[in-house]
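# A closer look at the structure
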Amino acid sequence: MSASVVAQDRPAPPRHVAIVMDGNGRWAKKRFLPRFFGHKAGVDAVVRTIQACIDRDIEFLTVFAFSSENWKRPSDEVSGLMGLVLAAVSRYLSKLDAMGVRVRVIGDRDSIAEKLRQAWDGAEARTAHNTKLTLNVAFNYGGRWDIVQASRKAIAAGVPAHELTEDKLSEFMALAHAPDPDLFIRTGGEVRISNFLLWQVAYTEFVFSDCLWPEFGAQQLDAAIDAFHGRDRRFGGVKDAPNAA
């Protein structure tokens with residue numbers, strides 16, 4: 001699908017889409033496969049979704065890759081996920097760079113392995129010049145952590161209490177470089193936020209899908225965008241009533 005076709009046939013797309021990619025384990029279980037294979041198929045879904053976002057002129061895509069709570073999972077699954085991330089960076093980084101994708105990683109890097117930290121640093125550096133789509137990968141991320149770390153940075157920067165406004169604190173948040181998400185998608189049938197972007201989704205439109213993440217693609221993205229376009233976004237205000245005859 002070309003950008004010109006999208007521009008002619010569809011309303012303006014959301015600038016920023018955020019996705020909780022849920023359902024990898026259940027996808028694998030339905031096929032009598034280990035959970036790892038669900039995560040592997042989930043990586044392919046990420047790449048499909050990145051291309052779909054580019055085709056629809058979406059500027060920012062933020063994906064919840066690994067939450068700060070995911071460390072509670074079985075150690076073999078966590079270890080497999082770390083290895084999968086390294087393999088995915090190695091396999092797809094050149095492709096993403098060629099697609100014009102800028103990779104940015106948000107989350108607490110202090111408690112992840114040095115090898116993984118170096119991989120993220122390398123991905124960010126290699127794609128820093130790209131402008132087609134900004135891919136924010138939330139890894140070892142939690143919404144509450146984000147608010148706390150932003151508050152600590154504001155304090156360290158010497159911001160006086162009376163100057164600490166919502167706008168000022170936003171400057172220290174992990175997604176300070178991006179607008180707040182317009183559209184929040186969660187796959188897998190669950191209806192909750194799961195500590196994802198708590199600060200940033202105050203006026204975001206939510207779409208919850210029964211689709212398991214490895215099955216997600218352009219069709220499901222379009223369905224979510226159609227739902228988004230059907231919402232009446234007032235941001236707490238009231239639209240002017242039509243003039244009386």
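Residues numbered from 1 in each chain as written. Predicted model: local features only at pLDDT ≥ 70, side-chain atom pairs only at ≥ 80, totals over all residues. Heavy atoms only, no water.

In the annotation of an unreviewed UniProt entry, the chain is listed under the name Polyprenyl diphosphate synthase and assigned to Roseateles hydrophilus.

### So, the overall build of the chain
Threshold: Segments assigned H or I by DSSP are reported as helices when at least four residues long, segments assigned E as strands when at least two residues long, and all are numbered from the N terminus. Values of the radius of gyration come from C-alpha atoms, whereas the globule rule sets the reference at 2.2 Å times the count of residues to the power 0.38. Any residue under 20% of the maximum accessible area for its type is buried, any over 50% is exposed, and the rest in between are partly exposed; the area is computed with a 1.4 Å probe on protein chains only. When checking whether two residues touch, look at their non-hydrogen atoms; a contact exists if any pair is within 4.5 Å. What sets the accessible areas is the Shrake-Rupley method with a 1.4 Å probe; for residues, cover comes only from the shown protein chains. Only four residue types enter the tally: Lys and Arg on the positive side, Asp and Glu on the negative side; His and the chain ends are excluded. The atom standing in for a charge is NZ when the residue is Lys, CZ when it is Arg, CG when it is Asp and CD when it is Glu.
In terms of helices and strands, the chain carries eight helices and six strands. When its helices and strands are written in sequence order, the chain yields α-β-α-α-β-α-β-α-β-α-α-β-β-α. For the chain, the C-alpha radius of gyration of 19 Å lies close to 18 Å, the compact-globule estimate for 245 residues. Along the longest, intermediate and shortest principal axes, the C-alpha atoms of the chain span 70 × 50 × 35 Å. For the chain, the residues scored as buried account for 47% of the 245 residues in total. Sequence separation of at least 24 residues holds for 78% of the intrachain contacts in the chain that already meet a minimum separation of 6. Entry remark: accessible area of the chain is about 12,800 Å², with carbon and sulfur atoms responsible for 53%. For the chain, the centre of its 31 positive side-chain charges and the centre of its 30 negative side-chain charges are spaced 5 Å apart.

### Some details on the environment of glutamine 200
Mapped onto the secondary structure, glutamine 200 falls in the loop between strand 5 (183-186) and strand 6 (205-208). Its relative accessible area of 3% is what places glutamine 200 among the buried residues. Residues glutamine 200 and arginine 73, spaced 127 residues apart in sequence, show a C-alpha to C-alpha distance of 26 Å. For glutamine 200, the contacting residues outside a window of four places in its chain are Tyr141, Asp146, Met173, Leu175, Asp180 and Pro181.

### Describing the packing of helix 3 (residues 35-55) against helix 4 (residues 75-99)
Test applied: An axis is simply a line fitted to the C-alpha atoms; with a helix, the fit covers only the stretch in contact. Between two such axes, the angle follows the N-to-C directions and lies from 0 to 180 degrees. To sort the angles, those under 35 degrees are grouped as roughly parallel, those over 145 as roughly antiparallel, those from 65 to 115 as roughly perpendicular, and the leftovers as oblique. With the far helix as reference, a near helix turned anticlockwise by less than a right angle produces a left-handed crossing, and one turned clockwise produces a right-handed crossing. In this count, Pro and Cys sit with the nonpolar residues alongside Ala, Val, Leu, Ile, Met, Phe, Trp and Tyr, while Asp, Glu, Lys and Arg are called charged and the others, Gly among them, polar.
With their axes 10 Å apart at the nearest point, helix 3 and helix 4 run at an angle of 25° to one another. In terms of axis orientation, helix 3 runs roughly parallel to helix 4. Every pair of crossing elements has a handedness; the one defined by helix 3 and helix 4 is right-handed. In this structure, helix 3 uses Arg35, Phe36, His39, Lys40, Val43, Asp44, Val47, Ile50, Gln51 and Ile54 to contact helix 4, whose residues at the interface are Glu77, Gly80, Leu81, Leu84, Ala88, Arg91, Tyr92, Lys95, Leu96 and Met99. Tallied by class, the residues present in the contact of helix 3 with helix 4 amount to eleven nonpolar, three polar and six charged.

### Focus on the sheet that holds strand 1 (residues 16-20)
Spelled out, the test is: For two strands to pair, DSSP has to find at least two bridges joining them.
Within the open sheet, the six strands sit side by side as 3-4-2-1-5-6. Their pairing is parallel. This sheet does not close on itself; its edge strands, each paired only once, are strand 3 (101-106) and strand 6. The mean inter-strand angle of the sheet, taken between neighbouring strand axes irrespective of direction, is 20°. Inspection of the sheet shows strand 5 paired to strand 6 by four bridges, in the parallel sense.

### Considerations on the layout of surface pockets
Spelled out, the test is: A cavity here means a set of 1 Å grid points, computed over protein atoms only, where a 1.4 Å probe fits but cannot escape. A pocket is an open set with protein on both sides within 12 Å along at least 5 of 7 lines, and lining residues have an atom within 4 Å of a point. Grid points are joined across faces, edges and corners, and a volume is the space filled by probe spheres set on the points.
Empty space within the largest pocket amounts to approximately 960 Å³. Listing elements by their share of the lining of the largest pocket, those giving two or more residues are helix 2 (24-30), helix 3, strand 2 (60-67), helix 4, helix 5 (114-127) and strand 4 (133-141). Residue classes in the lining of the largest pocket are distributed as 25 nonpolar, eight polar and eight charged.

### Structural notes on the pattern of salt bridges
Threshold: Whenever a carboxyl oxygen of Asp or Glu lies within 4 Å of a side-chain nitrogen of Lys or Arg, that contact is scored as a salt bridge.
Under the criterion given, the structure shown has 14 salt bridges. Across the salt bridge formed by lysine 168 and glutamate 171, the nearest N and O atoms sit 3.3 Å from each other. The partly exposed category is assigned to lysine 168, whose relative accessible area is 26%. The shortest N-O distance in the salt bridge between glutamate 190 and arginine 192 comes to 3.2 Å.

### Thoughts on the side chain of histidine 39
Here is the rule we go by: Between N or O atoms, a polar contact is any pair within 3.5 Å; within protein, one atom must be a potential hydrogen donor and the other a potential acceptor, and residues adjacent in sequence are included only when both atoms are from side chains.
When you line up the elements, histidine 39 lands in helix 3. Only 3.3 Å separates the side chain of histidine 39 from the side chain of asparagine 24, close enough to count as a polar contact. Each residue touching histidine 39, except ones within four places of it in the same chain, is listed here: Asn24, Arg73, Glu77, Leu81 and Leu84.

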